[in-house]
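The chain contents come next:
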Amino acid sequence: MDTKRYHEDEITEAAQLLQAGELVAFPTETVYGLGANALLPEAVMQVFQVKGRPQDNPLIVHVADFQQVKEFVENFHPLTEKIVKNFWPGPLTLIFSIKKDSLAPVVTGRLSTAAFRMPDHELTLELIREAGVPLVGPSANTSGKPSPTTADHVLHDMSGKIAGVLDGGATQIGVESTVLDLSDPSQPPVILRPGAITQETLMAVLETTVEVDGHLVSESETPRAPGMKYKHYAPDTQVLMVHPQDWEQALQWVTESGMRAGVIAGPEIAELMRYQAAAVFMLPQDTVTQAAKGLFAGLRALDEPQLALDVILVETFPETGLGVAYMNRLGKSAGKRWFEAKAD
Ligand code: TXA
Ligand code: MG
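Just so you know, these numbers come straight off a predicted model, no measurement behind them.

**Description of the overall build of the protein chain**
For step 1, the next point in the chain: Regarding its fold elements, the protein chain presents 12 helices and 15 strands.
For step 2, the next point in the chain: Computed over the C-alpha atoms, the radius of gyration of the protein chain is 20 Å, within 12% of the 20 Å expected from 2.2 N^0.38 for a compact globule of 344 residues.
For step 3, the next point in the chain: Expressed as lengths along the three principal axes of its C-alpha atoms, the size of the protein chain is roughly 60 × 50 × 35 Å.
For step 4, the next point in the chain: Scored against the burial criterion, the 344 residues of the protein chain give a buried share of 56%.
For step 5, the next point in the chain: Considering only contacts in the protein chain between residues 6 or more positions apart, those separated by 24 or more positions represent 68%.
For step 6, the next point in the chain: Roughly 15,100 Å² of accessible area belongs to the protein chain as shown, and the carbon and sulfur atoms make up 50% of that amount.

**Focus: the packing of aromatic side chains**
The geometry of an aromatic ring pair is captured by two quantities: the separation of the ring centres and the angle between the planes.
For step 1, the next point in the chain: For the structure shown, the criterion picks out seven aromatic pairs.
For step 2, the next point in the chain: Plain terms: the ring middles of phenylalanine 66 and phenylalanine 76 are 5.3 Å apart, the flat faces sit at 50° to each other, and that makes the pair tilted. Placement of phenylalanine 66 in the loop between strand E4 (60–62) and helix H3 (67–70) and of phenylalanine 76 in the loop between H3 and helix H4 (80–87) is noted, with a sequence separation of 10 residues between them.
For step 3, the next point in the chain: Taking 5.7 Å as the distance between ring centres and 80° as the angle between the ring planes, the aromatic pair formed by phenylalanine 317 and tyrosine 326 counts as edge-to-face. Judged on exposure class, the residue phenylalanine 317 and its partner tyrosine 326 are both buried.
For step 4, the next point in the chain: Site record: aromatic cluster; members linked through ring pairs are Phe66, Phe72, Phe76, Trp88, Phe96 and Phe116.

**Observations regarding the UniProt feature "domain: YrdC-like" (unreviewed entry) in the protein chain**
For step 1, the next point in the chain: UniProt records the feature "domain: YrdC-like" (unreviewed entry) for residues 8–197 in the present numbering.
For step 2, the next point in the chain: From the first C-alpha to the last, residues 8–197 spans 28 Å; its make-up is 28% helix and 18% strand.

**Structural notes on the side chain of threonine 178**
For step 1, the next point in the chain: Structurally, the position occupied by threonine 178 is in strand E9 (residues 178–181).
For step 2, the next point in the chain: Other than its neighbours up to four places away in sequence, threonine 178 contacts Pro91, Leu92, Thr93, Ile191, Arg193, Pro194, Gly195, Ala196 and Ile197.

**Some words on helix H12 (residues 322–333)**
For step 1, the next point in the chain: In a regular helix each residue adds 1.5 Å, so 12 residues correspond to 16 Å; H12 covers 17 Å between its end C-alpha atoms and thus fits that length.
For step 2, the next point in the chain: In terms of burial, H12 is a largely internal element, 10 of the 12 residues being buried.
For step 3, the next point in the chain: Those residues of H12 lying buried are Leu322, Gly323, Ala325, Tyr326, Met327, Arg329, Leu330, Gly331, Lys332 and Ser333.

**Regarding the domain arrangement of the protein chain**
For step 1, the next point in the chain: Structurally, the protein chain comprises domain 1 (4–212) and domain 2 (238–333).
For step 2, the next point in the chain: The C-alpha-based centres of domain 1 and domain 2 are spaced at 29 Å.
For step 3, the next point in the chain: Opposite the 23 residues of domain 1 that make contact, domain 2 presents 15 residues.
For step 4, the next point in the chain: Counting the surface domain 1 buries against domain 2, the share from its top three residues, Pro146, Val175 and Pro194, is 35%.
For step 5, the next point in the chain: Run the count over domain 1 and domain 2 and you get two salt bridges.
For step 6, the next point in the chain: One can count six residue pairs in polar contact (both at pLDDT 80 or more) joining domain 1 with domain 2.
For step 7, the next point in the chain: For the side of domain 1 that touches domain 2, the residue count by class is seven nonpolar, 11 polar and five charged.

**Some points on the packing of helix H11 (residues 288–302) against H12**
For step 1, the next point in the chain: Viewed as axis vectors pointing N to C, H11 and H12 meet at an angle of 20°, and their least axial separation amounts to 9 Å. Classified by the interaxial angle, the pair formed by H11 and H12 is roughly parallel. Relative to H12, the crossing made by H11 is left-handed. Where H11 abuts H12, its residues Val288, Thr289, Ala291, Ala292, Leu295, Phe296 and Leu299 lie against Leu322, Gly323, Tyr326, Arg329, Leu330 and Ser333.
For step 2, the next point in the chain: For the contact of H11 with H12, a count of residues per class yields nine nonpolar, three polar and one charged.

**A word on the pairing of strand E6 (residues 113–117)**
For step 1, the next point in the chain: Along E6, five of the five residues are buried, which leaves the element largely enclosed by surrounding structure.
For step 2, the next point in the chain: Burial along E6 is two-sided: the residues Thr113, Ala115 and Arg117 and Ala114 and Phe116 are all buried.
For step 3, the next point in the chain: Across four bridges, strand E5 (residues 92–97) lies against E6 in antiparallel orientation. Its bridge partner lying in E6, phenylalanine 96 is registered against alanine 114.

**Some words on the pattern of salt bridges**
For step 1, the next point in the chain: In this structure the tally under the stated criterion is 12 salt bridges.
For step 2, the next point in the chain: Ionic pairing is found between aspartate 236 and lysine 145, a salt bridge with its closest N-O pair at 3.2 Å. In this pair, aspartate 236 sits in the loop between strand E11 (211–212) and strand E12 (238–242) while lysine 145 sits in the loop between strand E7 (135–136) and helix H7 (151–158), placing the two residues 91 residues apart along the sequence.
For step 3, the next point in the chain: The class of aspartate 236 is exposed, set by a relative accessible area of 69%.
For step 4, the next point in the chain: You can call lysine 145 partly exposed: its relative accessible area is 23%.
For step 5, the next point in the chain: Here glutamate 176 makes a salt bridge to arginine 329, at a shortest N to O gap of 2.7 Å. One end of the pair, glutamate 176, is in the loop between strand E8 (164–166) and E9; the other, arginine 329, is in helix H12, with 153 residues separating them in the sequence.
For step 6, the next point in the chain: Exposure remark for glutamate 176: the relative accessible area of 5% places this residue in the buried category.
For step 7, the next point in the chain: The buried category is assigned to arginine 329, whose relative accessible area is 0%.

The rules we used
- Residues numbered from 1 in each chain as written.
- Chains lettered and ligands numbered in written order.
- Predicted model: local features only at pLDDT ≥ 70, side-chain atom pairs only at ≥ 80, totals over all residues.
- Heavy atoms only, no water.
- Helix = DSSP H or I, 4+ residues; strand = E, 2+ residues; numbered from the N terminus.
- Rg over C-alpha atoms; globule rule 2.2 N^0.38 Å.
- Buried < 20%, exposed > 50% of the residue type's maximum accessible area, 1.4 Å probe, protein only.
- Contact = heavy atoms within 4.5 Å.
- Areas by Shrake-Rupley, 256 points an atom, 1.4 Å probe, with all protein chains shown as cover.
- Phe/Tyr/Trp six-rings, centres within 6.5 Å; stacked < 30°, edge-to-face > 60°.
- UniProt positions renumbered as here; feature names shortened; annotations may be inferred.
- Expected span 1.5 Å × (residues − 1).
- Domains from an automatic or database assignment.
- Buried area = accessible area lost by both parts, 1.4 Å probe.
- Salt bridge = Lys/Arg side-chain N within 4 Å of Asp/Glu carboxyl O.
- Polar contact = N/O pair within 3.5 Å; in protein donor to acceptor, adjacent residues only side chain to side chain.
- Nonpolar A, V, L, I, M, F, W, Y, C, P; charged D, E, K, R; others polar.
- Axes fitted to C-alpha atoms, helices over the stretch in contact; angles between N-to-C directions.
- Parallel < 35°, antiparallel > 145°, perpendicular 65-115°, else oblique.
- Left-handed = near helix turned anticlockwise from the far one by under 90°.
- Pairing = 2+ DSSP bridges.

See below:
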């Protein structure tokens, strides 16, 4: 299959393919999604096949407006209207309990709930409107690889396997949406996956308690966000997180060991490491916003086999605001491993 790159003026063609059951990847403000008609179980099944995704990991249903959600949902949480008004379109996925059989089991992973999101991207909102159906959209990467933040990343993983990708340039945010569980109307909302819409922001806007599912998911139990249990975002090269104060020691370690090290960091650390590192992926600024935006692209770039790196060292940020989501994704790609500085 030839995978076509669609541009803004070809949305109608891409929408027709989706409606007919073909797979077309689409841009969002977070990462690229692998689109399929959510109402055609055979099309959705193919999404699992081309990604190599475990079948029990449910998908997000992408809509162009809140109205589209109503036909599926049984019972809305009392905060729904306020949340949708304030945060949609945007990087916030909402879990609701759904009407029986309103969505195919392949979409929901056989749960009685489903995830919905209205992405903040004009091209994709237009694509959904023109397709006339909601679209499932897991991140458009091969399962276990970093999520794609450009159309080129999508083509790298999906070329020959899907009908096309709608090219909307590099994504704005770079980490996947916050997943918020609203399935129990009598309970406070619970964050199942951290993203750009933070607990602080939700609590301030909603003026209510918002919990975080802090439960660490082990292989043997069923997590509340099923996707959180799988090894994610992992390049083949070992990734190590580096505390801000440990870069001098990291430099010394790379120098003495003769390791082929890659570095993902802002200008200051990039400058420090530039002569000893085998490859540097420099973020344009030393902020968590830029780090989140560039993390997956950096991991993909430095994981290229021809670089033959032994290790990838990555800048870390405090776990507040967007830093929670950034450190969550980085922690997964690093298997929670840190560069360990020796005590003096
Ligand atoms: O930003 C995003 O959310 C991107 C873009 C493309 O929209 N999509 C994305 O999809 O990250 P995916 O499939 O990679 O992640 C969906 C997450 C998974 O962790 C999944 O387990 C969880 O949402 N999820 C889906 N349905 C659920 C449900 N009914 N209950 C709990 N978690 C659910
Ligand atoms: Mg994903």
